[in-house]
Amino acid sequence: MTLEDYSSTFVLLFFTSIAWPEVQAQNITYPHSRIQLIQNNLFHCLPNEDPYAHLATYNEICNTVRLAGMTEDAVRLSLFSFSLSGEAKGWLYSFKGNSLKTWDEVVEKFLKKYFPESKTVERKANISSFLQFPDDSLSEASERFRGLLRKMPTHGFSEPI
C-alpha cells in the first residue's frame, strides 16, 4: 500500500490485529453473559494491574465456552480484544492488521509489553531471597511464598510440595 492509498476513503483496512482463526463452525455467536464476564476483567495497562493474573482469569472465562468446530485457541483469539481497554486496546490495534495469528503469539507480545524483563528479574529476586519472618508460622510463610510463585508463573524454580 502506498501513502496515497491510506488517504483514500475507500481502502480496505484491517480493524483488528488478530487474524480471525480458521474454524469449522458456522454462525458463531457467544453468549452475552460471557462477554460481560470478560469485560468485568478488563486490562487497562495501569501500574497495579498484573498481566499474568489478567491472562489467567481470561483463560478461565474462555474455558467455559465450548463451541462445536472451534478450538480453545480460536475462542481465545476471537474474544481477547474484549478484555482490553484504553491504552491496552490501543496497543493491540497498533499491530498490522491480521498479523497476530496464534494465541501463543498474542500472549508472548502481551507479556513482553506489560511484563517487561525488569519485572521478571524483580519477581525472581523476591522468590530467591524469600525469608520467613520471625513472627510467621510455617503455614503463613508457605502461603506467602506460594503467592510469590503465583505472581511469576514462569519463575523456573522447583515447586514446593
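Residues numbered from 1 in each chain as written. Predicted model: local features only at pLDDT ≥ 70, side-chain atom pairs only at ≥ 80, totals over all residues. Heavy atoms only, no water.

The next subject is the nonpolar core. In this structure, L79, F80, W103 and F110 are the most contacted members of the largest nonpolar core, which totals 33 residues. For this core, the secondary structure elements donating two or more residues are α2 (32–39), α3 (51–62), α4 (72–79), α5 (87–93), α6 (103–114) and α8 (138–151). Sort the elements by how many residues they give to this core and α6 lands first, with six residues. In contact with F110, not counting residues within four places along its chain, are F43, P51, H54, L55, F80, L84, W91 and F115. (Core = buried A, V, L, I, M, F, W, Y, C linked by side-chain atoms within 4.5 Å. Buried < 20%, exposed > 50% of the residue type's maximum accessible area, 1.4 Å probe, protein only. Helix = DSSP H or I, 4+ residues; strand = E, 2+ residues; numbered from the N terminus. Contact = heavy atoms within 4.5 Å.)

Once that is clear, we can look at the environment of M152. In this fold, M152 is placed in the segment after α8. Among all residues touching M152, those that are not within four sequence positions of it are Y52, F115, T120, R123, K124 and I127.

Tracing the backbone shows R76 in helix α4. Looking at R76, its side chain comes within polar contact range of the side chain of N63, at 2.7 Å. Beyond its immediate stretch of four places on either side in the chain, R76 contacts Y58, N59, C62, N63 and W103. (Polar contact = N/O pair within 3.5 Å; in protein donor to acceptor, adjacent residues only side chain to side chain.)

A few words on the environment of H155. Along the chain, the position of H155 falls in the segment after α8. Considered as a pair, H155 and I127 are 28 residues apart in the sequence and their alpha carbons are 8.2 Å apart.

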